[in-house]
Amino acid sequence: FVYLENKDNNEVIGFNLIYSSNFTFSLFSDYMGGLRVLYGINDEDFSWKLKTDESFETPQAVISYSYQGVDKMSQNFHKVIKENIIGYKKEKEYKPILFNSWEGCYMDFDTEKILSFVDASKKIGAELFVLDDGWFSNRDTDYTGLGDWWINEKKIDLQKVIDQCHKNKMKFGIWYEPEMVNPGTELFKKHPEYALGNYQDKMIISRHQFHLDFTSDEVIENIFNQMVDVLDKYAVDYVKWDYNRVVYEHMSTLLSNEEQGRVYHLLALGYYKLLDKLTKKYPDIMFEGCASGGGRFDLGTLYYCPQIWCSDESDPVQRFFIQYNTSLGYPLSTIGSHANNNNLTSYKIKAELALFGTYGYEMNPKLLTEDEINELNEVADVYKKYHKEVIEEGTLYHLCDPNKSNYMSMMAVSSNKNTAMVFFTNLLKELDQYRFLKLKGLDPNKYYRNN
């Protein structure tokens, strides 16, 4: 985004790519005040030799221009994304309040513990229970399991968990990290060539895992078939698609020497290919993408995944910056945001911030006090009454920039201008201070009541 101040009469230009791989942005300003912007596929370690009559399709660029300040530029992006990019067929429907098991128990669980989490999460308004990492293969630590996508029936009775969700009138979701493999798994032992890098030499390992070679249709088909074995058998409403490391070893043993410059780009195309196959086979499942680790919060992902987990950073103060800055280019309805047990602020404040995102929870719900349960239910009631109309379908305004002040404030207004939601916080404590907000987007001919 190119701007100096967030005023309503400034010229502002925003840039983005519909792409999920290496990219480059370069800006050059000359002595006459002209600005040149060049962006697209990163040319470092990229080469693609075209033969006669061959073609190459570059990523689409998106540019938003505004002479009415940052918010108009931002709203242009939001409109394009909602109306032209997101492809999920149920995008216009109500999205349930999500509870994710990860921070409550990590991989340390059995069937009874998860069943108790399902019941306890229902008490704070959860409508979709997501079983995160640890349900498959011998996955009790992050050293093992990735690539072997079969249910560990000794650890978890998945059907029993789903039945308990349905008994509580809740939907069910499950976690995957389809593009990764751990050494020692059956997949890696049988097909070491499926991992990026030279498996006959020393390979780079990160987070105890390798990146699968998604330049190969054979690798993609293997993971697709493993996922289908689970998704065909069980009533799954949601898949969290994690992506926890970057690509270090951009080299494929399945490609010729001349084709090694294609690896980064082909990985993105392979990612799209697997998502395309899955979303076509399971159009009712919501697939959520992930930005953490691999930094993949982008328009290419949003075509298949209507929301993306924004960050594993759970410090609520850091989330003020993360969600504010992300919302400049992306609709609030795409920004994965949960209230968790970080003790810097109350649950109420964390939940209210999460309202300006997709909204959900991550904690051990059995440890919540009665007051905390009441706080979360109070915010959950706001979500159920106003979120779709105001946050998902409304217009977003940025009132206070935390990058330039002690305050963060955002405001969303329904399309009919009847209802608005405002979030305001000061980052550092201020005593005996009066703070005034100038609201935006309201109808000057209407009277509003502060609820």
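A. Main features of the nonpolar core. Counting residues in each nonpolar core, the largest one holds 123 residues, and the members touching the most others are Trp 135, Tyr 359 and Tyr 361. Here this core gets 10 residues from one element, more than from any other, and that element is helix 7 (residues 263-281). In this view, Trp 135 contacts Phe 109, Trp 149, Trp 150, Ile 151, Asn 152, Ile 156, Ile 174, Trp 175, Tyr 176 and Val 230; residues no more than four positions away in its chain are not counted. Residues Leu 399, Cys 400, Met 411 and Val 413 belong to the second largest nonpolar core, which totals 5 residues.

B. View of the sheet that holds strand 6 (residues 128-131). Ordered by their spatial adjacency, 9 strands build an open sheet running 13-12-11-10-7-6-5-15-14, and the pairing between neighbours is parallel. The open sheet terminates on both sides in strands that have one partner only, identified here as strand 13 (335-336) and strand 14 (339-340). Relative to strand 6, helix 3 (residues 111-122) is tilted by about 150 degrees, and along the sheet it contacts strand 5 (98-100) and strand 6.

C. Focus on a nonpolar patch on the surface. Together, Phe 23, Phe 25, Leu 27 and Leu 35 make up a nonpolar patch on the protein surface, roughly 380 Å² of accessible area in all. Examining the composition of the nonpolar patch, we find that 3 residues originate from one element, strand 2 (residues 23-29), more than from any other. Turning to its location among the elements, Leu 35 is positioned in strand 3 (residues 35-41). With a relative accessible area of 44%, Leu 35 lands in the partly exposed category.

D. Seen up close, the pairing of strand 16 (residues 395-400). For strand 16, a buried count of 5 out of 6 residues is recorded, marking the element as mostly surrounded by other parts of the structure. Between the antiparallel neighbours strand 16 and strand 17 (residues 407-413) lie 6 residues.

E. Summary view of unusual backbone geometry. Residues other than glycine seldom take positive phi values, yet Lys 169 does so here, at roughly 60 degrees. Among the secondary structure elements, Lys 169 is positioned in the loop between helix 4 (158-167) and strand 7 (171-176). The backbone of Lys 417 shows a phi angle near 60 degrees, a positive value even though the residue is not glycine. Here Lys 417 is to be found in the loop between strand 17 and strand 18 (420-426). Given a relative accessible area of 32%, Lys 417 falls into the partly exposed group.

Criteria and thresholds
Residues numbered from 1 in each chain as written. Predicted model: local features only at pLDDT ≥ 70, side-chain atom pairs only at ≥ 80, totals over all residues. Heavy atoms only, no water. Core = buried A, V, L, I, M, F, W, Y, C linked by side-chain atoms within 4.5 Å. Buried < 20%, exposed > 50% of the residue type's maximum accessible area, 1.4 Å probe, protein only. Helix = DSSP H or I, 4+ residues; strand = E, 2+ residues; numbered from the N terminus. Contact = heavy atoms within 4.5 Å. Pairing = 2+ DSSP bridges. Axes fitted to C-alpha atoms, helices over the stretch in contact; angles between N-to-C directions. Patch = residues over 30% accessible without salt bridge, like charges linked within 9 Å, V, L, I, M, F, W, Y side chains within 5 Å. Areas by Shrake-Rupley, 256 points an atom, 1.4 Å probe, with all protein chains shown as cover. Salt bridge = Lys/Arg side-chain N within 4 Å of Asp/Glu carboxyl O.

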